[in-house]
Amino acid sequence: MGINDNKAPIQSRAQRLQSFQLADFAVPTGREEEWRFTPLERLADFFTEKVVGDLPVVSVSDPSKHEVVDRTDARLGQVGAPDDRVSALAWENFSQAHVVTLPENQQLTEEIVINIDGTQDDQVAALHLLISAQRFAQGTVIVNHSGKGRLAESMEVELADNAHLTLVTVQDWDDEAAHTLANRIRVGRDATLRHIVVTLGGDIVRVTTQVEYAGPGGDVNLLGAYFVDANQHLEHRLLVDHNHPKCTSNATYKGALQGQGAHSVWIGDVLIRPNAEGTDTYELNRNLVLTEGAHADSVPNLEIETGEIEGAGHASATGRFDDEQLFYLKSRGIPEQEARRLVVRGFFAELINQIGVESVQNKLMEAIEEELSITMGVGNGN
């Protein structure tokens, strides 16, 4: 049975249901807090008990760091537990898992790139990854998702003490794809994690990120960028559980939306437990609505159970294209199309510069340019 049950009233995120058993989670109705913004009808086949879809093709740039293991491998299932029905579905239905290990005391100079290429589009498949950064390991792992398909994916990320990991996931699916990705992360004593989520493609994509600490001194930087087109639903949910003292977390997510029916959801939950003295945390979400008919939901939440903290704050803003900025640039002789590009580039620039992985930064800028080419001449809904 899970840590909580479906009938207990949830007063705190600490009381949320967590379980490896799919049967512990009811099929959502849309009234639940964790599902209230999601178009459930577009994920109906993700709420079943079994999946039968073909697995995507998984390739890893450095085979020496990659293993394919049976689900009975003792390293699996050690980082938290699923906290919704879809992540439990992903856990129960994989037969083999992909494990990528950054070895102890090694500083990797080359990025490890994991390519996940969907090859089917009508049945849900389940995939499980474990990324393990051992003591004093340093390195960068990039997980690229592309192609077509309907994929329920779970990813465990474990940083041992003093490990330093940059982890990037890129969701660049074909237009018809559906993808749920549950990140469960544990950060060891004095370990640092830069976790970057870039979501661009797919009909519906839902990425949940759950972070906890395994000792004091952990430092987590969560960055996210997304560009939502007409009729796309892109959803990102964060939960940072400060369960040890003197740990730090910062979250910055930015998104742009265009087209009728474009919908983004960002939920940022931070829980500071009674023993987490010295916590320092901040979360920010900003959305730029480029056209009429697009909608962004943004909900930051702080739950603080001790007064002995360094700092805790959050901010959320959703706004339309700034006509004053556009007017200023045009008054300086910059053509309107180029002025629009400059405003959107400026909106994303600070976040992109924080990513620190050149290949990802270039991909994101190229995607933004491609998306902007669609809106040039559209204006604010005209």
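Summarised in this report is the structure supplied together with it.

Cut-offs and rules
- Residues numbered from 1 in each chain as written.
- Predicted model: local features only at pLDDT ≥ 70, side-chain atom pairs only at ≥ 80, totals over all residues.
- Heavy atoms only, no water.
- Core = buried A, V, L, I, M, F, W, Y, C linked by side-chain atoms within 4.5 Å.
- Buried < 20%, exposed > 50% of the residue type's maximum accessible area, 1.4 Å probe, protein only.
- Contact = heavy atoms within 4.5 Å.
- Phe/Tyr/Trp six-rings, centres within 6.5 Å; stacked < 30°, edge-to-face > 60°.
- Helix = DSSP H or I, 4+ residues; strand = E, 2+ residues; numbered from the N terminus.
- Lys NZ or Arg CZ within 6 Å of the ring centre and 35° of its normal.
- Polar contact = N/O pair within 3.5 Å; in protein donor to acceptor, adjacent residues only side chain to side chain.
- Salt bridge = Lys/Arg side-chain N within 4 Å of Asp/Glu carboxyl O.
- Pairing = 2+ DSSP bridges.
- 1 Å grid on protein atoms, 1.4 Å probe; cavity = no way out; pocket = protein on both sides within 12 Å on 5 of 7 lines; lining within 4 Å.
- Points joined across faces, edges and corners; volume = space filled by probe spheres on them.
- Axes fitted to C-alpha atoms, helices over the stretch in contact; angles between N-to-C directions.
- Parallel < 35°, antiparallel > 145°, perpendicular 65-115°, else oblique.
- Left-handed = near helix turned anticlockwise from the far one by under 90°.
- Nonpolar A, V, L, I, M, F, W, Y, C, P; charged D, E, K, R; others polar.
- Lys, Arg positive; Asp, Glu negative; His and termini not counted.

1. Some points on the nonpolar core
Here's step 1: Core analysis: the biggest nonpolar cluster contains 54 residues, and Leu 102, Ile 114, Val 141, Val 143, Leu 165 and Leu 167 have the highest contact counts within it.
Here's step 2: Look past the residues within four positions of Leu 167 in its chain and what remains in contact with it is Ile 131, Val 141, Val 143, Met 155, Val 157, Leu 193, Arg 194, His 195 and Ile 196.
Here's step 3: Membership of the second largest hydrophobic core comes to 29 residues, among which are Val 168, Leu 326, Ile 355 and Ile 368.

2. Thoughts on the packing of aromatic side chains
Here's step 1: Applying the stated rule across the entire model yields six aromatic pairs.
Here's step 2: Look at Tyr 253 and Trp 266: their rings are 6.4 Å apart centre to centre, the planes differ by 45°, and that puts the pair in the tilted class. Taken as a pair, Tyr 253 in strand 12 (residues 248–257) and Trp 266 in strand 13 (residues 263–272) lie far apart in primary sequence, 13 residues in all.
Here's step 3: Each ring, one from Phe 347 and one from Phe 348, has its centre 5.0 Å from the other, and the planes form 85°; the classification is edge-to-face. Across the pair, Phe 348 and Phe 347 agree in class, each one buried.
Here's step 4: Every member of this aromatic cluster is reached through a ring pair, and the members are Phe 20, Trp 91 and Phe 94.
Here's step 5: Lying over the aromatic face of Trp 35, Arg 206 brings its terminal NZ or CZ to 3.7 Å of the ring centre.

3. What to know about the side chain of Gln 258
Here's step 1: Position of Gln 258 relative to the elements: it lies in the loop between strand 12 and strand 13.
Here's step 2: A polar side-chain atom of Gln 258 sits 2.7 Å from a polar atom in the side chain of Asp 229.

4. A few points about unusual backbone geometry
Here's step 1: Not every positive phi belongs to a glycine, and Asn 105 is a case in point at roughly 65°.
Here's step 2: Residue class for Asn 105 comes out exposed when judged on its relative accessible area of 54%.

5. Quick look at the environment of Gly 217
Here's step 1: Within the element layout of this structure, Gly 217 appears in the loop between strand 9 (204–213) and strand 10 (219–228).
Here's step 2: For Gly 217, a relative accessible area of 24% puts it in the partly exposed group.
Here's step 3: Among residues more than four places away in sequence, those in contact with Gly 217 are Asp 190, Ala 191, Pro 245, Lys 246 and Cys 247.

6. Details of the pattern of salt bridges
Here's step 1: Under the counting rule described, the total for this entry stands at 18 salt bridges.
Here's step 2: Glu 67 serves as the salt-bridge partner of Arg 75, at 3.0 Å between the closest nitrogen and oxygen.
Here's step 3: On the accessibility criterion, Arg 75 (33% relative accessible area) is partly exposed.
Here's step 4: Taking the shortest distance from any N to any O, the salt bridge between Asp 241 and Arg 273 comes out at 2.8 Å. With Asp 241 in strand 11 (residues 233–242) and Arg 273 in the loop between strand 13 and strand 14 (280–289), this pair connects stretches of sequence that are 32 residues apart.

7. Examining the pairing of strand 9
Here's step 1: Burial of strand 9 is extensive: 10 of the 10 residues sit out of reach of the surface.
Here's step 2: The two faces of strand 9 match: Ile 204, Arg 206, Thr 208, Gln 210 and Glu 212 on one face and Val 205, Val 207, Thr 209, Val 211 and Tyr 213 on the other face are all buried.
Here's step 3: Sheet analysis places strand 7 (residues 178–187) next to strand 9, joined by 10 bridges and oriented parallel. Looking across to strand 9, one finds that Arg 186 is bridged to Glu 212.
Here's step 4: With nine bridges connecting them, strand 9 and strand 11 associate as parallel partners.

8. Remarks on empty space enclosed by the protein
Here's step 1: For the structure on display, the rule yields four cavities of 30 Å³ or more.
Here's step 2: Empty space within the largest cavity amounts to approximately 60 Å³.
Here's step 3: As for the largest cavity, its lining consists of Asp 84, Val 86, Ser 87, Glu 153, Thr 180, Leu 181, Ala 182, Arg 206 and Thr 208.
Here's step 4: Secondary-structure elements contributing two or more residues to the lining of the largest cavity are helix 1 (85–93), strand 7 and strand 9.

9. A few points about the packing of helix 2 (residues 323–331) against helix 3 (residues 336–355)
Each pair of packed helices gets described by two things: the angle between the helix axes and the distance between those axes.
Here's step 1: Between helix 2 and helix 3, whose axes approach to 9 Å, the crossing angle comes to 130°. Classified by the angle their axes make, helix 2 and helix 3 are oblique. The crossing of helix 2 and helix 3 is right-handed. For the pair formed by helix 2 and helix 3, the contact residues are Gln 325, Leu 326, Leu 329 and Lys 330 on the first element and Glu 336, Ala 339, Arg 340, Leu 342 and Val 343 on the second.
Here's step 2: Among the residues making up the contact of helix 2 with helix 3, the classes are represented as five nonpolar, one polar and three charged.

10. Re the side chain of Glu 153
Here's step 1: Examined against the element boundaries, Glu 153 turns out to sit in strand 5 (residues 138–159).
Here's step 2: The buried charged residue Glu 153 lacks any salt bridge partner; its closest oppositely charged side chain belongs to Arg 184, at an N-O distance of 11 Å.
Here's step 3: With residues up to four places along the chain from it excluded, the contact list for Glu 153 reads Ala 90, Ile 116, Leu 127, Leu 129, His 145, His 179, Thr 180, Leu 181 and Ala 182.

This is a description of form; function is not addressed.
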